[in-house]
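# Structural description and commentary
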Amino acid sequence: MSNSIAYEKSKKFAVRIIRLYQHLSGSKSEYTLSKQLLRSGTSIDANIKEALNGQSTKDFLAKMNIALKEAGEVEYWLELLHETEYLSDAEYKSMNAECIELIKLLTSIVKTTKSKI
């Protein structure tokens, strides 16, 4: 159940990341950091989708760990974009809160799965 919640939340987050990338590259002419954000932000969802179709528990765990690492990377890019004033306080707080929620959810899934192996 929490796996499908993770997928739903990560897909919504990926859409927000894409929209943020469009805003940053279009309105603010920022291409380098926002491209990294786009790559890692959409990778979370892709890896969760792969995990849900995994061939084994180990495969599932490996993909969920990758999704967790990518979420950590997103957190980093959001911090940099905020500290360089490409993101307002409100934009940063909103995106970062959602990112941290995903990190907590993925951490929980990884820990629970590890305990079953």
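The structure we're discussing is the one just above.
A brief structural summary. (Residues numbered from 1 in each chain as written. Predicted model: local features only at pLDDT ≥ 70, side-chain atom pairs only at ≥ 80, totals over all residues. Heavy atoms only, no water.)

### Structural notes on the overall build of the chain
Assigned secondary structure in the chain consists of 4 helices and 0 strands. The C-alpha radius of gyration computed for the chain amounts to 15 Å, which stays within 12% of the reference 13 Å derived for 117 residues, consistent with globular compactness. Taking the principal axes of the C-alpha coordinates as reference, the chain spans close to 45 × 20 × 20 Å. Across the 117 residues that make up the chain, the buried fraction comes to 40%. Taking the contacts inside the chain whose residues are at least 6 apart along the sequence as the reference set, 76% of them involve residues at least 24 apart. Carbon and sulfur atoms provide 53% of the accessible area of the chain, an area that totals close to 6700 Å². With 17 positive and 15 negative side-chain charges, the chain shows a separation of 7 Å between the mean positions of the two kinds. (Helix = DSSP H or I, 4+ residues; strand = E, 2+ residues; numbered from the N terminus. Rg over C-alpha atoms; globule rule 2.2 N^0.38 Å. Buried < 20%, exposed > 50% of the residue type's maximum accessible area, 1.4 Å probe, protein only. Contact = heavy atoms within 4.5 Å. Areas by Shrake-Rupley, 256 points an atom, 1.4 Å probe, with all protein chains shown as cover. Lys, Arg positive; Asp, Glu negative; His and termini not counted. Charge placed at Lys NZ, Arg CZ, Asp CG, Glu CD.)

### Points about the pattern of salt bridges
Tallied over the full model, the rule gives 5 salt bridges. Between E70 and R39 there is a salt bridge whose closest N-O contact spans 3.4 Å. Residue E70 is located in helix α3 (residues 57–83), and its partner R39 is located in helix α2 (residues 32–52); the two are separated by 31 residues in the primary sequence. The exposure class assigned to E70 is buried, which follows from its relative accessible area of 12%. With a relative accessible area of 39%, R39 lands in the partly exposed category. If you follow the salt bridges from partner to partner, you end up with R39, E70 and E73 in one network. (Salt bridge = Lys/Arg side-chain N within 4 Å of Asp/Glu carboxyl O.)

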